[in-house]
Amino acid sequence: MEFSLRPFAPTDSAWLVAEHATYYAQAEGFDGSFGPLVDSIIQSFLTSHDPAGEAGWIAHRGKKRLGSIFCVRLDETTAKLRLFYVVKEGRGTGVAQALLDQCLGFARDAGYAGLTLWTHESHAAAGGIYKRNGLTRTRAEPVHSFGVDLVEETWEIAF
């Protein structure tokens, strides 16, 4: 599948919130609190991100958006991966790997000593790509979030 990556733009916001909210409601039973969380992450990025150390990207084929990923500052030495998502038709096509490569490369180039991310154990495909790219699961904890029982995971990599 042919696709490209481009910087995230404010016009991507509504799409990104809707994709996350709809997908996770259907696939995992998340309640209505998830969409507003995604929106708050995006709004914070739009209003206060530092372009030298934070960025977001959209994978696309023409005007069709295929996925997203963000790299934001957790602290002075650690980047945080956020809003990693690939639409169904983009899965298994290299889109996820290209997005992850972009994020990891940016974090390294921005001078971070490492990167962390938070996800759920039920996202087995994501866990697989993280592991293949050198990230290690450092925490797994049962929680009740977004109206369902989940196992939250933290993954990390040092550069």
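Up top is the structure.
The structure presented is a predicted model; accordingly, all values stated were derived computationally and were not measured.

A. Spatial organisation of the overall build of the chain. For the chain, the helix and strand inventory stands at four helices and seven strands. Mapped from its N terminus to its C terminus, the chain presents α and β elements in the order β-α-α-β-β-β-α-β-α-β-β. Taking 159 residues into account, the globule formula puts the C-alpha radius of gyration at 15 Å, and the chain, at 15 Å, falls close to it. When the backbone C-alpha atoms are referred to their principal axes, the chain occupies close to 40 × 35 × 35 Å. Expressed as a percentage of the 159 residues in the chain, the buried residues total 45%. Considering only contacts within the chain whose residues lie at least 6 apart along the sequence, 62% involve residues at least 24 apart. Carbon and sulfur atoms provide 52% of the accessible area of the chain, an area that totals close to 7,900 Å².

B. Looking closely at the environment of Ala 140. Relative to the elements of secondary structure, Ala 140 occurs in strand 6 (residues 136-145). For the pair Ala 140 and Val 151, spaced eleven residues apart in sequence, the C-alpha to C-alpha distance is 6.2 Å. Each residue touching Ala 140, except ones within four places of it in the same chain, is listed here: Val 151, Glu 152 and Glu 153.

C. Quick peek at the packing of helix 1 (residues 13-28) against helix 2 (residues 34-48). With their axes 8 Å apart at the nearest point, helix 1 and helix 2 run at an angle of 155° to one another. Judged by the inter-axis angle, helix 1 sits roughly antiparallel to helix 2. Crossing of helix 1 against helix 2: the hand is right-handed. Between helix 1 and helix 2, the contacting residues are Ser 13, Leu 16, Val 17, His 20, Ala 21 and Tyr 24 on the first element and Phe 34, Gly 35, Val 38, Asp 39, Ile 42 and Leu 46 on the second. Of the residues assigned to the contact of helix 1 with helix 2, the class counts are eight nonpolar, three polar and one charged.

D. Looking closely at the side chain of Ser 13. Considering the arrangement of structural elements, one finds Ser 13 in helix 1. Here Ser 13 falls in the buried class, since its relative accessible area comes to 8%. Reaching out from Ser 13, the side chain makes a polar contact with the backbone oxygen of Pro 10 at a distance of 2.9 Å.

Procedures and definitions
- Throughout this description, residue numbers start from 1 for each chain and increase along the sequence as written.
- Restriction of local features to residues with pLDDT of at least 70 applies here, the model being predicted, together with a cutoff of 80 or more for giving and counting side-chain atom pairs; totals for whole chains, interfaces and linings are based on all residues.
- The side-chain numbers reported here are obtained from all heavy atoms of the structure, hydrogens and water having been left aside.
- Put simply, DSSP marks the helices as runs of H or I at least four residues long and the strands as runs of E at least two long, and each gets a number from the N terminus on.
- A radius of gyration in this sense is built from C-alpha atoms; the matching globule rule multiplies 2.2 Å by the number of residues raised to 0.38.
- Exposed residues in this analysis have more than 50% of their type's maximum accessible area, buried residues have under 20%, and partly exposed residues fall in between, with area computed by a 1.4 Å probe over protein chains only.
- The contact criterion used is simple: two residues touch if any of their non-hydrogen atoms lie within 4.5 Å.
- Reported accessibility uses the Shrake-Rupley method at a 1.4 Å probe radius. Residues are deemed covered only where the shown protein chains occlude them.
- Axis lines are fitted through C-alpha atoms, for helices just across the contact stretch, and the angle between N-to-C directions can take any value from 0 to 180 degrees.
- Here the angle decides the label: under 35 degrees means roughly parallel, over 145 means roughly antiparallel, 65 to 115 means roughly perpendicular, and every other value means oblique.
- By definition, any crossing whose near helix is turned counterclockwise from its far helix by less than a right angle is left-handed, and any crossing with a clockwise turn is right-handed.
- Amino acids are sorted into nonpolar (Ala, Val, Leu, Ile, Met, Phe, Trp, Tyr, Cys and Pro), charged (Asp, Glu, Lys and Arg) and polar (every other residue, Gly among them).
- Polar contacts, as counted here, are pairs of nitrogen or oxygen atoms within 3.5 Å of one another; within protein the pair requires one atom able to donate a hydrogen and one able to accept it, and residues that are adjacent in sequence qualify only if both atoms are side-chain atoms.

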